[in-house]
Amino acid sequence: MTTSTRRSPLTAPPFTPTTAALPTAALSHTGRGADAELDRAARRVLLTNWRGHATVPAARLYPHQWSWDSAFVAIGLRHLSPIRAQRELESLFGAQWPDGRVPHIVFDPHVPADAYFPGPAFWQADSQGTPTSGIVQPPAHALAAWLTFRADPAAARARGFLPRIYPRLVAWHRYLTTRRDLTGNGLVSIVHPWESGLDNSPAWDLPLARVTPVPTGEFTRRDLDHAAASERPTDTDYGRYVRLARDYRDAGYADSLSGHGFAVEDPLCNALLAAGEHALAAIAAEVGADPAPHRSSAERLTQDLTDVLYDRGSGTFFPRDAHTGALLRTYSIGGLLPLIVPDLPVAGALIETALGDRFRLAEACPPPSYDLIAVDHDPVKYWRGPGWINTGWLLWYGLHLHGSAELADSLRRRLLDRVRRSGFREYFDPLTGIGHGTDDFSWTAALVLDLLRTPPGTGPTSLGAAGLSGSRRISSGWSSRLSRRPGVSRDDQPESTATAPARPGTGTPDVAPGT
């Protein structure tokens, strides 16, 4: 296996960031005081975790580039330096495989080989001389690319950003809709829990139970060098993860239902793909391609997602075991996140479920990753209960998209307050707000920056004439219902003051021009 540093033409040349104090002029869009300080701190995290071509999620625990992390990071970076945000995505897609897949990790050959497990030697994979993993993560990239373009269209056009990345995004989506449609029903299957982004969610417990774990003596975990075991997946979990990844590797990363011990049609991945097709339609119109196929694909995905995975009696989406055809009836945050799909016909029911006792969206913050009333809810155990800023951001996005601006603004304020009080942690207890996991986590900082730079009431959906479609207002009166809940103070009501909107691309960059 090669450890060459050669990258594809999409990747910009390395850049070494300055360690000088960050400028304060960019704070003019966030006002003064607490928000300004939080804005400055978020920029500092992103600067510290920048590696010249991409951003690592966390310097010690995650010292390489992760796929959907980079999508979220770009969404925040676009407010600082739109060109750096473009480079974040270009770097990731520079390691795209010939079959179109975007690997979930792009390894930095300058990082010690044993710093992370499973590392390059385990995966035995590379793309154009760059070592990578062999599995994927949720397809948030088309949406991130379009939002990045909208931050500074002139700079993006000057660099040819969209014309270069558009065919890569199309190939990525084609891989998912062909190679990963394992059942033929039009939905994408994940073949490893890590591909869901919700790694150890209870949603995967039943299909994972069929997988024989690799004995712990056959591998060495590195995550426990940097995080408490009580907050991480168990050794048995890891044994199953290793088994699935090793079997996939030994099969040459071939995709077929019979070849995968774990295969699940995941609501979040399919929802991001549908939202991504809407974004690709906008991108196609910008670059002179035909947007119609993307619109048709988005409509079909939305219909299939709703027909197959939505349960009307429960008011949520459930994953489906591709081997048995059974819905996996656990209430995870992934079942609510199809709210990011424009014109979703069941958006109102999802919001009602989110406001109920299982997720307590009007109070719990960030929204819990798993059912608050389940007996196995664990508020500190990775994706088995804690709240994450990225899923909170996706809900905020979806609430605005579907006309629930008041609830979205309340969630925005509470997300910012959580981070202001607990720091840029990886995840949080959704009820106490205590931070857990690693600190100085990049997507927490990036999405906080996006929330700060998006004034209340505006949302992230001002996407231009060719942008994503929205939906009618469907959830009103939530604040009056909230005021009747016991133990909820007036502090939990939506803020009514607004700050001046930030003009895209006008913030002072934290890097030299052209980087």
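Every value quoted in this text rests on a predicted model; they were computed, and no experiment measured them. (Residues numbered from 1 in each chain as written. Predicted model: local features only at pLDDT ≥ 70, side-chain atom pairs only at ≥ 80, totals over all residues. Heavy atoms only, no water.)

1. Digging into the overall build of the protein chain
A count of helical and extended segments in the protein chain gives 16 helices and 11 strands. Residues classed as buried in the protein chain amount to 63% of the 515 residues present. Sequence-distant contacts in the protein chain: of pairs separated by 6 or more residues, those separated by 24 or more amount to 73%. (Helix = DSSP H or I, 4+ residues; strand = E, 2+ residues; numbered from the N terminus. Buried < 20%, exposed > 50% of the residue type's maximum accessible area, 1.4 Å probe, protein only. Contact = heavy atoms within 4.5 Å.)

2. Here we look at the sheet that holds strand β5 (residues 189-190)
Spatially, β5-β6-β9 is the arrangement adopted by the 3 strands of the open sheet, whose pairing is antiparallel. At either end of the open sheet lies a strand with only one pairing partner, and these are β5 and β9 (320-321). Where strand β6 (residues 264-265) and β9 come together, 2 bridges link them in antiparallel fashion. Opposite Glu265, over in β9, you have Arg320 as the bridge partner. (Pairing = 2+ DSSP bridges.)

3. Regarding helix α10 (residues 267-287)
For an α-helix the count is 3.6 residues per turn, leaving residues at separations of three or four pointing the same way. For α10, spanning 21 residues, the distance from its first C-alpha to its last is 30 Å, which sits close to the expected 30 Å at 1.5 Å a residue. In terms of burial, α10 is a largely internal element, 18 of the 21 residues being buried. (Expected span 1.5 Å × (residues − 1).)

4. Here we look at the packing of aromatic side chains
Scanning all chains against the criterion turns up 29 aromatic pairs. Here the aromatic rings of Trp97 and Tyr253 are separated by 5.4 Å at their centres, their planes lie at 80 degrees, and the arrangement is edge-to-face. Separated by 156 residues along the polypeptide, Trp97 in the loop between α3 (82-93) and β2 (105-106) and Tyr253 in the loop between α9 (235-250) and β6 bring together distant segments of the chain. Ring plane angle 75 degrees and centroid distance 5.2 Å describe the contact between Phe441 and Trp443, whose orientation is recorded as edge-to-face. For Phe441, a relative accessible area of 2% translates into the label buried. (Phe/Tyr/Trp six-rings, centres within 6.5 Å; stacked < 30°, edge-to-face > 60°.)

5. Looking at the packing of helix α14 (residues 405-422) against helix α15 (residues 442-453)
One can describe the packing of α14 onto α15 by two numbers: an axis separation of 10 Å at closest approach and a directional angle of 135 degrees. Taken together, the axes of α14 and α15 are oblique relative to one another. Viewed along their axes, α14 and α15 form a crossing whose handedness is left-handed. Only Thr444, Val448, Leu451 and Leu452 of α15 make contact with α14, whose side of the interface consists of Arg412, Leu415, Leu416 and Val419. Among the residues forming the contact of α14 with α15, the class breakdown is 6 nonpolar, 1 polar and 1 charged. (Axes fitted to C-alpha atoms, helices over the stretch in contact; angles between N-to-C directions. Parallel < 35°, antiparallel > 145°, perpendicular 65-115°, else oblique. Left-handed = near helix turned anticlockwise from the far one by under 90°. Nonpolar A, V, L, I, M, F, W, Y, C, P; charged D, E, K, R; others polar.)

6. Quick look at the side chain of Asp450
Relative to the helices and strands, Asp450 is located in helix α15. According to the relative accessible area criterion, Asp450 is buried, its value standing at 0%. Once residues within four sequence positions are removed from consideration, Asp450 is found in contact with Ile75, Arg78, His79, Trp393 and Trp396.

7. Notes on the nonpolar core
Membership of the largest hydrophobic core comes to 141 residues, with the highest contact counts inside it found for Trp123 and Trp393. Ranked by residues supplied to this core, first place goes to α10 with 12 residues. Beyond its immediate sequence surroundings of up to four residues, Trp393 is in contact with Phe72, Ile75, Leu147, Leu415, Leu447, Asp450 and Leu451. (Core = buried A, V, L, I, M, F, W, Y, C linked by side-chain atoms within 4.5 Å.)

8. Describing the packing of helix α1 (residues 34-48) against α14
Close contact between α1 and α14 brings their axes to 11 Å; oriented N to C, the two are set at 70 degrees. By the angle between their axes, α1 is roughly perpendicular relative to α14. The hand of the α1/α14 crossing is left-handed. Contacts between α1 and α14 involve Ala34, Asp35 and Leu38 from the former and Leu416, Val419 and Arg420 from the latter.

9. Side note on the confidence of the model for the protein chain
The predicted coordinates of low-pLDDT regions are not to be read in fine detail. Residues of the protein chain with pLDDT of at least 70 account for 83%, and the chain-wide mean is 86. Counted against residues more than four places away or in other chains, residues 1-9, with its pLDDT under 50, gives 27 contacts. Note that residues 470-515 has pLDDT below 50 and, in this model, 101 contacts with residues that lie over four places away or in other chains. (pLDDT = per-residue confidence, 0-100.)

10. Topic: the side chain of Asn49
Here Asn49 lies in the loop between α1 and β1 (65-66). A polar contact is formed between the side chain of Asn49 and the backbone oxygen of Asp440, at a distance of 3.0 Å. The contacts of Asn49, once residues within four sequence positions are left out, are Ala54, Thr55, Val56, Pro57, Ala58, Ala59, Asp440 and Ser442. (Polar contact = N/O pair within 3.5 Å; in protein donor to acceptor, adjacent residues only side chain to side chain.)

11. Brief notes about the environment of Arg360
In this fold, Arg360 is placed in the loop between α12 (347-355) and α13 (389-401). With a relative accessible area of 28%, Arg360 lands in the partly exposed category. Taking the C-alpha atoms as reference, Arg360 lies 9.5 Å from Leu431; in sequence the two are 71 residues apart. Non-local contacts of Arg360, meaning those with residues more than four positions away in its chain, are made with Ala354, Leu355, Leu372 and Leu431.

12. Brief notes about the pattern of salt bridges
What the rule picks out here adds up to 27 salt bridges. Across the pair Glu195 and Arg180 runs a salt bridge whose closest N-O atoms are separated by 2.7 Å. Remark: Arg180 occurs in the loop between α7 (161-178) and β5 and Glu195 occurs in the loop between β5 and α8 (205-208); sequence separation between them is 15 residues. Of the two residues, Glu195 and Arg180, neither departs from the other in class, the shared state being buried. A salt bridge links Arg300 to Asp304; the nearest nitrogen and oxygen atoms lie 3.4 Å apart. With Arg300 and Asp304 both in helix α11 (residues 292-309) and 4 residues apart, this pair spans about one turn of that helix. (Salt bridge = Lys/Arg side-chain N within 4 Å of Asp/Glu carboxyl O.)

13. Looking at the environment of Ala349
Turning to its location among the elements, Ala349 is positioned in helix α12. Residues Ala349 and Arg312, spaced 37 residues apart in sequence, show a C-alpha to C-alpha distance of 8.4 Å. With near-sequence residues (within four places) excluded, Ala349 lies in contact with Tyr310 and Gly315.

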